[in-house]
Amino acid sequence: MTTRDIVFTAVGAVTALSALLSVTTKQVVHAALWLLVSLGSLAGAYLVLGQELVGLVQLLVYVGAIVVLVLFALMLTRAPIGPHAEIDTPWRQRLAGALLGAATTALLASLLLPLFSGATADLDTPTTTTPQVAQAVFGTWVWPFELLSVLLLVALIGAFAVSRLVLHRDGGHGARRPATVPSGARADGRG
Amino acid sequence: MSDLAPWLEVVLRAVAVLAAFLVLPLLVGQTEHKVMAHMQGRLGPMYAGGFHGWAQLVADGVKFVQKEDITPARADRWVFRLAPFVALIPYLVALAVIPLSPRVVGADVDASVVLVLAVIGVGVIGTLMAGWASANKYSLLGAMRAAAQLVSYELPMVLAVASVALAAGSLSLVSIAEAWNPWWLLWQLPGAVVFLVAALAELQRPPFDMPLADSEIVFGAFTEYTGLRFAFFLLAEYAGIVVMSLLFAVLYLGGWAGPFEQWLGWVWTVLKGFLVAVVVIWLRVSWPRMREDQLQRLAWVWLVPMALVQLALTAVGVVVFS
């Protein structure tokens, strides 16, 4: 066991544990906060594996933007403090969720573990991977990348159009209040 | 410091960053007291301690420590108590990677500009946690306003920084400042304006202090906080000013570029950053608070297009001149 192994194990354990807590907690805002811890420590796992840029983008997009939007949306609902009987799930749903989660885990594990069981990464010679990632995205994969950009742009314009439509049906109330439009659209733009 | 044992070097660097983190925000706080007192003819901050009211900040500190640490009965205890630290720590991490000169830097990270932007975005979660866990309507409103504002202003900010990174051809703050030359003052001017405005909004400083708006929602997300925990939120604000000012100095003013930069490099960076901090304070005393819709309009109708134009301008410049 090297120091890196220990750090990686610790970060991985935090990721898994907070993910588990996120789906089992009875308080809806706590679930979002645990999700935050989970996604943040996943960024830490990328960092330990030497993939700096991926880790940072994970932090920027998921922790800094997506979970903030989740929290923001939760706060627009009642999101009570403490457990609440009204928004609890029945045991059947829980059982189905557990089964589905276990099945997905088993499927992914059976697929990925044999594929990457012998894989090693050389972390002792410090190399910067950022230019390689850039070259891959804007060289080899430039067409899929551009296609995805167009898709996101379409989603963004679509979101804008839909919200405008709703506003006009209301009789123009708050038509000059773009706050809800771009913040929703940004999740697509940054994702 | 490369001839030291690795663990000793790490400890020394961490201590140095922590010291800077504790000293620089207080310096900015003291400057704000004095600059505001002079600009607005305020008499209060000029008394404590005699000469020019030098002890006002100490008195404030003593006051915060003495106050009782109250957690409201209906609050979500742990989230409420953790929130100030979640707001504070991102700025500590950001300060660790901002270089004062090529050699004076807490941790020289490869993609440091992405790291700074990423951790600054995390800070808002502290405000959201504080607002929700306080079990107070004013707090919740303040947190929502803060989140809406930060989400809107992060985009122009990232675009402005992307333009600088494009111009320098690097994501490392050290390389960006080294690639800087005086022409950037003109070439990157729209981006610099966008960055400064977006930074003010991210810090929720006046004129962008809608989330705190004391005449409408008491003190926003921080309404229920007292004593040291409240002081931590204030410290986070001032640490934010330090981080943004230094970042502006490194990105747009060339950082350590100046006479005798071999020896005085870090002094130039700190001086430039301090100048930006004074501008931030100056803007606070000279502008009234913006309304929520004006605030969003400014971000989406002015800043985002400006940042996009800057990005195009930079791209053209890079292609033509290199």
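Parameters and conventions
Residues numbered from 1 in each chain as written. Chains lettered and ligands numbered in written order. Predicted model: local features only at pLDDT ≥ 70, side-chain atom pairs only at ≥ 80, totals over all residues. Helix = DSSP H or I, 4+ residues; strand = E, 2+ residues; numbered from the N terminus. Rg over C-alpha atoms; globule rule 2.2 N^0.38 Å. Buried ≥ 20, exposed ≤ 12 C-beta atoms within 10 Å, placed from the backbone. Contact = placed C-beta atoms within 7 Å. Expected span 1.5 Å × (residues − 1). Bend = angle between axes of the 7 residues up to and from the residue. Nonpolar A, V, L, I, M, F, W, Y, C, P; charged D, E, K, R; others polar. Axes fitted to C-alpha atoms, helices over the stretch in contact; angles between N-to-C directions. Parallel < 35°, antiparallel > 145°, perpendicular 65-115°, else oblique. Core = buried A, V, L, I, M, F, W, Y, C linked by C-beta atoms within 7 Å. pLDDT = per-residue confidence, 0-100.

## Digging into the overall build of chain B
Consideration 1: Tallying secondary structure elements over chain B gives twelve helices and zero strands in all.
Consideration 2: Order of helices (α) and strands (β) in chain B, N terminus to C terminus: α-α-α-α-α-α-α-α-α-α-α-α.
Consideration 3: Since a compact globule built from 322 residues should have a radius of gyration of about 20 Å, the 20 Å found for chain B is in line with a globular shape.
Consideration 4: When the backbone C-alpha atoms are referred to their principal axes, chain B occupies close to 60 × 50 × 40 Å.
Consideration 5: Each of the 322 residues in chain B was classed as buried or not, and the buried ones make up 53%.
Consideration 6: Sequence separation of 24 or more characterises 77% of the internal contacts of chain B that already satisfy a separation of 6 or more.

## With respect to the overall build of chain A
Consideration 1: When helices and strands are tallied, chain A shows seven helices and zero strands.
Consideration 2: Reading the secondary structure of chain A in the N-to-C direction produces α-α-α-α-α-α-α.
Consideration 3: Excluding contacts between residues fewer than 6 apart, the proportion of contacts in chain A whose partners are at least 24 apart in sequence is 63%.

## Comments concerning helix α12 (residues 292-321) of chain B
Residue and element names in this part refer to chain B.
Consideration 1: In this model α12 runs 42 Å from its N-terminal to its C-terminal C-alpha over 30 residues, within 8% of the 44 Å that 1.5 Å per residue would give.
Consideration 2: Largest kink in α12: about 30°, centred on Leu303, with the proline Pro305 one to four residues after it.
Consideration 3: Those residues of α12 that fall on the buried side of the exposure criterion are Leu295, Gln296, Leu298, Ala299, Trp300, Leu303, Ala307, Gln310 and Thr314.

## Examining helix α11 (residues 261-286) of chain B
Residue and element names in this part refer to chain B.
Consideration 1: Taking the largest bend as the criterion, α11 deviates by roughly 30°, centred on Val267.
Consideration 2: If you check which residues of α11 are buried, you get Gly265, Trp268, Thr269, Val270, Lys272, Gly273, Val276, Ala277, Val280, Ile281 and Arg284.
Consideration 3: Structurally, α11 contributes buried residues whose contacts are with α1 (6-40), α8 (189-202) and α10 (227-252).

## Concerning the interface of chain A and chain B
Consideration 1: On the chain B side, the residues contacting the 26 residues of chain A number 30 residues.
Consideration 2: Listed by contribution, the elements that provide at least two residues to the side of chain A that touches chain B are α2 (28-48), α3 (52-76) and α7 (180-190) of chain A.
Consideration 3: The element best represented in the side of chain A that touches chain B is α3(A), accounting for twelve residues.
Consideration 4: Class assignment of the residues belonging to the side of chain A that touches chain B gives a composition of 18 nonpolar, four polar and four charged.

## Section: unusual backbone geometry
Residues and elements named next belong to chain B.
Consideration 1: Despite not being glycine, Gln204 has its phi angle at roughly 55°, a positive value.
Consideration 2: One can find Gln204 in the loop between α8 and α9 (214-217).
Consideration 3: For Val218, which is not glycine, the phi torsion reads 60° and is therefore positive.

## Quick look at the packing of α8(B) against α10(B)
Residue and element names in this part refer to chain B.
Consideration 1: Between α8 and α10, whose axes approach to 11 Å, the crossing angle comes to 170°. The angle between the axes of α8 and α10 places the two elements in the roughly antiparallel class. Only Met244, Phe248 and Tyr252 of α10 make contact with α8, whose side of the interface consists of Ala192, Phe195, Leu196 and Ala199.
Consideration 2: Split into classes, the residues belonging to the contact of α8 with α10 amount to seven nonpolar, no polar and no charged.

## Topic: the nonpolar core
Residues and elements named next belong to chain B.
Consideration 1: Ala147, Phe195 and Phe248 are the most contacted members of the largest nonpolar core, which has 129 residues in total.
Consideration 2: Sort the elements by how many residues they give to this core and helix α5 (residues 137-168) lands first, with 20 residues.
Consideration 3: When sequence neighbours within four positions are dropped, the list of residues in contact with Phe248 reads Phe195, Leu196, Ala199, Leu253 and Val276.

## Section: the environment of Glu261(B)
All names here are of chain B.
Consideration 1: Tracing the backbone shows Glu261 in helix α11.
Consideration 2: Through-space distance from the C-alpha of Glu261 to that of Lys137 is 52 Å; in sequence the pair is 124 residues apart.
Consideration 3: With residues up to four places along the chain from it excluded, the contact list for Glu261 reads Trp256 and Trp268.

## Brief notes about the environment of Leu56(A)
Consideration 1: For Leu56(A), the location among the structural elements is in helix α3.
Consideration 2: Overall, the presence of 26 C-beta atoms within 10 Å leaves Leu56(A) in the buried class.
Consideration 3: Beyond its immediate stretch of four places on either side in the chain, Leu56(A) contacts Ala111(B), Val114(B), Leu115(B) and Ala118(B).

## Some words on the confidence of the model for chain B
Regions with low pLDDT carry predicted coordinates that are not meant to be interpreted in detail.
Residue and element names in this part refer to chain B.
Consideration 1: Of the residues in chain B, 99% have a pLDDT of 70 or more, and the chain-wide mean is 84.
Consideration 2: The element-level mean pLDDT for chain B is lowest in α9, coming to 78, with α8 highest at 90.
Consideration 3: As scored by the predictor, the complex reaches a pTM of 0.81 and an ipTM of 0.77.

## Concerning the confidence of the model for chain A
Consideration 1: Looking at chain A as a whole, its pLDDT mean stands at 79, while 82% of the residues score no less than 70.
Consideration 2: α7(A) is the least confidently modelled element of chain A, averaging 43 in pLDDT, while helix α4 (residues 91-116) of chain A averages 89, the highest of any element.

## A short note on the environment of Ala277(B)
Residues and elements named next belong to chain B.
Consideration 1: The residue Ala277 is located in helix α11 in this model.
Consideration 2: Of the residues examined, Ala277 has 25 C-beta atoms within 10 Å and is grouped as buried.
Consideration 3: Along the sequence, Ala277 and Gln56 sit 221 residues apart, while their C-alpha atoms lie 19 Å from each other.

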